[in-house]
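Here is how the chains run, residue by residue.
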Amino acid sequence: MFVGHLAVALTAKRAAPRANLGWLVAGVTGLDLVWPLFVLAGLEHVRIVAGATAFTPLVFDSYPWSHSLVMAVVWGAVLAAIARWRHVAAAPLLLVALVVSHWLLDFVTHAPDMPLWPGPSPRFGLGLWNSIPGTLIIEGAMWIAAIAIYVRRYRPRPLAFWSLVIVCTAIWASGPWGPVPASEKALGWFALIGWIIVPWAARADRG
Ligand SMILES: [Zn+2]
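A. View of unusual backbone geometry. The backbone of His-87 sits at a positive phi, close to 60°, despite the residue not being glycine. In this fold, His-87 is placed in the loop between helix 4 (69-85) and helix 5 (92-109). Its identity as a non-glycine residue notwithstanding, Arg-155 has a phi of 40°, on the positive side. As for its position among the elements, Arg-155 is in the loop between helix 6 (132-154) and helix 7 (158-173).

B. The arrangement of the nonpolar core in detail. The biggest cluster of nonpolar side chains holds 55 residues, and the ones touching the most others in it are Leu-10, Val-25, Trp-35 and Trp-143. Looking at which element gives the most residues to this core, the answer is helix 2 (residues 21-40), with 9 residues. Contact partners of Val-25, with chain neighbours within four places excluded, come to Leu-6, Ala-9, Gly-30, Ile-197, Val-198 and Ala-201.

C. Seen up close, the environment of Pro-133. Following the sequence through the fold, Pro-133 ends up in helix 6. As a C-alpha pair, Pro-133 and Phe-55 span 78 residues in sequence and 9.1 Å in three-dimensional space.

D. Representation of helix 8 (residues 184-191). Of all the residues in helix 8, the buried ones are Leu-187, Gly-188 and Ala-191. Seen along its axis, helix 8 keeps its buried residues to an arc of 105°; they face one direction. For helix 8, the secondary structure elements touched by its buried residues are helix 2, strand 1 (45-48), strand 2 (58-62) and helix 9 (194-204).

E. Quick look at the packing of helix 2 against helix 4. At a minimum axis separation of 10 Å, helix 2 and helix 4 run at an interaxial angle of 125°. Relative to helix 4, the element helix 2 lies oblique. The chirality of how helix 2 crosses helix 4 is right-handed. Where helix 2 abuts helix 4, its residues Trp-23, Ala-26, Gly-27, Leu-31, Val-34 and Phe-38 lie against Ala-72, Trp-75, Leu-79, Ile-82 and Ala-83. A per-class count over the contact of helix 2 with helix 4 returns 10 nonpolar, 1 polar and no charged.

F. Seen up close, the packing of aromatic side chains. Per the counting criterion, the structure on display carries 9 aromatic pairs. When the ring of Phe-60 is compared with that of Trp-129, the centres are 6.4 Å apart and the planes differ by 20°; the resulting orientation is stacked. Taken together, the residues span a long stretch of sequence, with Phe-60 in strand 2 and Trp-129 in the loop between strand 4 (123-124) and helix 6 at a distance of 69 residues. Residue class for Phe-60 comes out buried when judged on its relative accessible area of 7%. The exposure class assigned to Trp-129 is buried, which follows from its relative accessible area of 9%. With a centroid separation of 5.0 Å and 45° between ring planes, the pair formed by Tyr-150 and Tyr-154 is classed as tilted.

About the thresholds
Residues numbered from 1 in each chain as written. Predicted model: local features only at pLDDT ≥ 70, side-chain atom pairs only at ≥ 80, totals over all residues. Heavy atoms only, no water. Helix = DSSP H or I, 4+ residues; strand = E, 2+ residues; numbered from the N terminus. Core = buried A, V, L, I, M, F, W, Y, C linked by side-chain atoms within 4.5 Å. Buried < 20%, exposed > 50% of the residue type's maximum accessible area, 1.4 Å probe, protein only. Contact = heavy atoms within 4.5 Å. Arc of directions from axis to C-beta. Axes fitted to C-alpha atoms, helices over the stretch in contact; angles between N-to-C directions. Parallel < 35°, antiparallel > 145°, perpendicular 65-115°, else oblique. Left-handed = near helix turned anticlockwise from the far one by under 90°. Nonpolar A, V, L, I, M, F, W, Y, C, P; charged D, E, K, R; others polar. Phe/Tyr/Trp six-rings, centres within 6.5 Å; stacked < 30°, edge-to-face > 60°.

Below you can see the structure in the form of structure tokens.
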């Protein structure tokens, strides 16, 4: 899942109206921010297998440090500590919940590959990615609803906000038809794009 995570960040603004959107986006995308670092370091592994799921060719062989439920709580605590140090007006528990929300939405989307903890762990996933229409409709509906509510309530900076929406929507919706990454490492480098989205979202917020 991609824009569905961002939808959660937009919606969470209601619970922390004085926190800049960049912090909320850092929360919901946190696991995908650390994931490419672990992939590039060779600690986590992903394969590219055409047709692995309908929506994406990625097979997540191992990603317990970025994408296990236990580590999601840990990364949430790390983000909450950084936010507290930076005097961000968001409850620590909200930030932890945003990071953990990533695990829950990935659990709905991914094949059964989401571990509970690092080490031998059962792996779960409901496999929404097996259906292209299902993914586009469910994730797209979350995204559109969240954008509509956010724009009306918070009046973001138009250029930064809408450019972010367009780029993220294009990356997400083209997924099943876009070019397949050449290698695990190339995918890791590409996924670092997530780190640009955080300051971009921060810029879109007037706060
Ligand atoms: Zn993820």
